[in-house]
Amino acid sequence: MNKSIMSSFLSALCLSLIFWFLIADYNYFSIIGFLLFFIVFFVCYLFIATPIQIILNKNNKKFILINLIIYTAFSGIIHTIVFVFYGNSNPLQSSIFYSMILCSSVVFWFIDSLFSKTMDK
């Protein structure tokens, strides 16, 4: 469980940095914007991705592509719900939608695999 919380924390940190730099206006530095991204991503990773991570890590193999595909599928479902909730009636036409799905799933998969490798030793 400790590994899951650490994976969620680091994934949220990395992803919030990535999106903050992609979306942020470079005329000012907003630590509040960064913290908002971090809190949202951390809560999503902790309550949605962590249970999936626990189930997938039972086979104890690292960097498995099927895990990445599963993370991407769940990421797509969650991002679709969030996009529709915030008023985007057809998120499938947005390139930001696809980049968020891929980025969030790849970051979590990579950090999960790294932590699985280091925590097992």
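All values derive from a computational prediction rather than experimental measurement.

(A) Looking closely at the packing of aromatic side chains. In the structure shown here, the tally under the stated rule is twelve aromatic pairs. On the basis of an interplanar angle of 15 degrees and a centroid distance of 4.9 Å, the ring pair of Tyr 45 and Phe 108 is categorised as stacked. Here Tyr 45, found in helix 2 (residues 31-56), pairs with Phe 108, found in helix 4 (residues 95-120); they are 63 residues apart in sequence, far enough to count as distant. Grouping residues by exposure puts Tyr 45 and Phe 108 together as buried. Ring centres of Tyr 71 and Phe 108 lie 5.1 Å apart, and the angle between their planes is 85 degrees; on these two criteria the pair is classed as edge-to-face. Here the residue Tyr 71 occupies a position in helix 3 (residues 65-85), and Phe 108 occupies one in helix 4, the gap between them amounting to 37 residues. As far as the burial class goes, Tyr 71 and Phe 108 line up, both buried.

(B) Representation of the packing of helix 2 against helix 3. Contact geometry for helix 2 and helix 3: axes closest at 11 Å, N-to-C directions at 160 degrees. If you check the angle between helix 2 and helix 3, you find them roughly antiparallel. Between helix 2 and helix 3 lies a crossing of right-handed hand. For the pair helix 2 and helix 3, contact is made by Ile 48, Ile 52, Gln 53 and Leu 56 and by Asn 67, Ile 70, Tyr 71, Phe 74 and Ile 78, respectively.

(C) Region of the structure containing the environment of Phe 83. Locating Phe 83 in the fold gives a position in helix 3. In sequence terms Phe 83 and Ser 94 are eleven residues apart; their C-alpha atoms lie 10.0 Å from each other.

(D) Structural context of the side chain of Ser 4. Here Ser 4 shows up in helix 1 (residues 2-23). Contacts of Ser 4, omitting those with residues within four sequence positions, involve Thr 50, Gln 53 and Ile 54.

(E) A look at the confidence of the model for the chain. The pLDDT averaged across the chain works out to 85; a share of 88% of its residues lies at or above 70. The spread of mean pLDDT over the elements of the chain runs between helix 4, the lowest at 85, and helix 3, the highest at 92.

(F) Inspection of the environment of Ile 101 at higher detail. Tracing the backbone shows Ile 101 in helix 4. In this structure the C-alpha to C-alpha distance between Ile 101 and Phe 74, which are 27 residues apart in sequence, comes to 9.0 Å.

(G) Highlighting the nonpolar core. Formed by 22 residues in total, the largest nonpolar core has its most connected members in Ala 12, Leu 15, Phe 19, Phe 41, Tyr 45 and Tyr 71. Secondary-structure elements contributing two or more residues to this core are helix 1, helix 2, helix 3 and helix 4. Top contributing element to this core by residue count: helix 4, with nine residues. With near-sequence residues (within four places) excluded, Phe 41 lies in contact with Ala 12, Leu 15, Ser 16 and Phe 19.

Rules used in this analysis
Residues numbered from 1 in each chain as written. Predicted model: local features only at pLDDT ≥ 70, side-chain atom pairs only at ≥ 80, totals over all residues. Heavy atoms only, no water. Phe/Tyr/Trp six-rings, centres within 6.5 Å; stacked < 30°, edge-to-face > 60°. Helix = DSSP H or I, 4+ residues; strand = E, 2+ residues; numbered from the N terminus. Buried < 20%, exposed > 50% of the residue type's maximum accessible area, 1.4 Å probe, protein only. Axes fitted to C-alpha atoms, helices over the stretch in contact; angles between N-to-C directions. Parallel < 35°, antiparallel > 145°, perpendicular 65-115°, else oblique. Left-handed = near helix turned anticlockwise from the far one by under 90°. Contact = heavy atoms within 4.5 Å. pLDDT = per-residue confidence, 0-100. Core = buried A, V, L, I, M, F, W, Y, C linked by side-chain atoms within 4.5 Å.

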